[in-house]
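# Coordinate analysis (summary)
Residues per chain are reported as follows:
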Amino acid sequence: MAQLTTLDRETPVDDLLAVLHRDGGVIVRDLLTDDQRQAIVDDLAPSLEATAPGSRSGLEQWELFHGSQTIRFCGLAARSRAFVDHALLHPLLSEVVGRELLSGCADYWLNTGQVMAVGPGERAQYLHRDENNWPEAVNPEREITISCMFALSDFTQDNGATVVVPGTQDLPPGLVRGYDVVEADLAYAEMPAGAGMLYSGKVIHGAGSNATETWRYGMHVSFVVGWLRPEEASPLQVDRERAADLPERARQLLGWSSYHSDAGGRTWLVDFEDASRLFS
Ligand SMILES: O=C(O)CCC(=O)C(=O)O
């Protein structure tokens, strides 16, 4: 079976990036302290309780992708201040995302913050590459999206730990839906609660199957280059009043500011001005 490497939180970022570039994903222990993790879990508990498993989209492909026994919801910054403070603004995650994305953009923003709670009996999700959400923007030379799967509970092979095919970030770009692979090529992101797996938008992966009686509680947080439209419409969920209470960097990541390309282009403006003026 293939393996993923697990590193300590204190590992120098260059070493962590070397593993990320080699394998397409790397697990980091203790990304969240117990208190931080518990605060996020507590904030999100009412939403988890209120959300039924499965997709309500009516789109066959989307329903297959989401899984019938998996609870998913977004809008985490609107639901949890702890999410903002400990995940959205996570210092190590910010550093890694900056190192990976800023060679192709002037700034990045949140793609999506998403609970992915895989329930008992769930089947494995089909393998895919996150960057294929934007086929027009995929570029073999650079990343357009970087993700972190935070383990809010222990992740094991049996309970649905994310399945990764290490090294596939280096395959040529293309639409991968249900990548054909032998078991020996698969690695399972087994990690204790509080750890997280950082992974490339190019690496082939998917949620594992859950053969246990308990829930695998994951929280996916991903970022995209600032000139690309994210999966989640964050400013439509985090309203202006709530945004006003958040740190400036959180507002920027959530789309309450504008994008200025290094070549002078300006987008996502409010009356020709940077959207952050709404808060001055
Ligand atoms: O839940 C997981 O482990 C991964 C899910 C995933 O890759 C996705 O839904 O895009």
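Structure shown above.
What you see as residue numbers is a count from 1 along each chain, following the sequence as written. Since the coordinates come from a predicted model, pLDDT governs what is reported: local features require at least 70, and pairs of side-chain atoms require 80 or more to be given and counted, while whole-chain, interface and lining totals use all residues. With hydrogens and water set aside, each side-chain value is computed from the structure's full complement of heavy atoms.

### Concerning the site of the ligand
Quick note on the threshold: Near residues are defined by distance, with any heavy atom within 4 Å of the molecule or strand qualifying the residue. Polar contact is defined as a pair of N or O atoms within 3.5 Å, subject to the rule that within protein one atom must be able to donate a hydrogen and the other to accept it, and that residues adjacent in sequence are counted only when both atoms are side-chain atoms. Residue classes follow a fixed rule: Ala, Val, Leu, Ile, Met, Phe, Trp, Tyr, Cys and Pro count as nonpolar, while Asp, Glu, Lys and Arg count as charged, and any other residue, Gly among them, counts as polar.
Close to the ligand lie F65, R72, M116, Q125, H128, D130, M149, T162, H205, A207 and R216, which account for all nearby residues. Contact between the ligand and T162: an oxygen atom at 2.5 Å from a side-chain N or O atom of the residue. Within the side chain of R216, an N or O atom sits 2.6 Å from an oxygen atom of the ligand. Along the lines of polarity and charge, the residues of the shell around the ligand split into four nonpolar, four polar and three charged.

### Structural notes on the pairing of strand β8 (residues 196–200)
Using the following cut-off: In this scheme, a residue with accessible area under 20% of its type's maximum is buried, one over 50% is exposed, and one in between is partly exposed, where area comes from a 1.4 Å probe on protein chains only. Helical segments are the DSSP runs of H or I of at least four residues, strand segments are the runs of E of at least two, and each set is numbered from the N terminus. Strand pairing is assigned whenever DSSP identifies at least 2 bridges connecting the two strands.
Within β8, five of the five residues are buried, leaving the element largely enclosed by the surrounding structure. Side chains G196, L198 and S200 of β8 all project onto a buried face; the interleaved residues M197 and Y199 project onto the opposite face, where all are buried too. Direction of pairing for strand β2 (residues 25–28) relative to β8: antiparallel, over a ladder of four bridges. When the sheet's bridge partners are listed, V26 is paired in β8 with L198. Here strand β5 (residues 145–151) pairs with β8 via five bridges, running antiparallel.

### Things to note about the packing of aromatic side chains
The line we're drawing: Here a pair means two rings of Phe, Tyr or Trp (six-membered ring of Trp) with centres within 6.5 Å. Their orientation is stacked below 30 degrees between planes, edge-to-face above 60, and tilted elsewhere. The rule is short: NZ of Lys or CZ of Arg within 6 Å of the ring centre and within 35 degrees of the ring normal puts a charge over the ring.
Counted under the stated rule, the structure contains five aromatic pairs. Judged by centre distance (5.3 Å) and plane angle (75°), the ring pair of W109 and W268 falls under edge-to-face. Of the two residues, W109 sits in strand β4 (residues 108–118) while W268 sits in the segment after β12 (266–267), which places them 159 residues apart along the sequence. Among the residues examined, W268 registers a relative accessible area of 47% and is labelled partly exposed. Centroid distance W256 to F279: 5.6 Å. Interplanar angle 85°. Geometry classified as edge-to-face. You can see W256 sitting in the loop between α8 (248–253) and β11 (259–260) and its partner F279 sitting in the segment after β12, a full 23 residues away along the chain. Through pairs of rings, three or more aromatic residues link up here, namely W62, F65 and Y126. Positioned above the aromatic ring of Y108, the side-chain terminus of R249 is 5.1 Å from the ring centre.

### Here's the deal with helix α5 (residues 81–88)
When we look at burial in α5, the residues that qualify are A82, F83, V84, A87 and L88. Of the residues that open α5, the one with a side-chain oxygen 3.3 Å from the backbone nitrogen of A82 is S80.

### What to know about the sheet that holds strand β7 (residues 187–188)
Whether parallel or antiparallel, the strands of a sheet pair through hydrogen bonds between backbone atoms. The strand order across the open sheet formed by three strands is β7-β6-β9, and the pairing between neighbours is antiparallel. With one partner strand each, in any of the chains shown, β7 and β9 (204–206) form the two edges of the open sheet. Both strand β6 (residues 163–165) and β7 contribute to a ladder of two bridges, which runs antiparallel. Looking at β7, one finds that V164 is bridged to A187.

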